[in-house]
Amino acid sequence: DCLIVAMGPWSCIAEQWFGTPIPMEGVKSTSVIYRHAGGAGPHVDEPAALFCAEDANGCHLEVYPRPDGDIYICGIGGSDYLNP
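Residues numbered from 1 in each chain as written. Predicted model: local features only at pLDDT ≥ 70, side-chain atom pairs only at ≥ 80, totals over all residues. Heavy atoms only, no water.

**Observations concerning the sheet that holds strand β2 (residues 30-34)**
No. 1: Sheet architecture is open: 4 strands sit in the order β2-β5-β4-β3, paired in antiparallel fashion. Among the strands making up the open sheet, the edge pair consists of β2 and β3 (50-51).
No. 2: Strand direction decides the pairing type here: strand β4 (residues 62-65) and strand β5 (residues 71-76), joined by 4 bridges, are antiparallel. Across the sheet, the residue bridging to Pro65 is Ile71, located in β5. (Pairing = 2+ DSSP bridges. Helix = DSSP H or I, 4+ residues; strand = E, 2+ residues; numbered from the N terminus.)

**Section: a nonpolar patch on the surface**
No. 1: Among the surface-exposed residues, Leu3, Trp10, Ile13, Trp17 and Phe18 lie close enough to one another that they form a single nonpolar patch of about 600 Å² accessible area.
No. 2: With respect to the element layout, Trp10 can be found in the segment before α1 (14-18).
No. 3: Note on Trp10: relative accessible area 55%, which makes it exposed. (Patch = residues over 30% accessible without salt bridge, like charges linked within 9 Å, V, L, I, M, F, W, Y side chains within 5 Å. Areas by Shrake-Rupley, 256 points an atom, 1.4 Å probe, with all protein chains shown as cover. Salt bridge = Lys/Arg side-chain N within 4 Å of Asp/Glu carboxyl O. Buried < 20%, exposed > 50% of the residue type's maximum accessible area, 1.4 Å probe, protein only.)

**Description of the pairing of β5**
No. 1: Relative to β5, β2 is paired through 5 bridges, and the arrangement is antiparallel. Looking at the pairing, Ser31 lines up with Cys74 of β5.
No. 2: The hairpin formed by β4 and β5 contains 5 residues between the paired strands, and Gly69 there has a positive phi angle of roughly 100 degrees.

Structure representation (structure tokens):
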């Protein structure tokens, strides 16, 4: 039998429920939201995302425009790997 636990950083809690260790590795990163100045920005009709290759500093930028005109950016900062 196989069980997949897909709860993101809360997966560690499931160790107590099932009584078995759940291996997990995380990546430390930063996220930023750029708010559209002056209220609501241009409406985004189609979902879109931009995924950039890792640079020399280990950053792997992801850019997500939101329907309200804001832009969500994550993957900033060199991404140290965490192993709880």
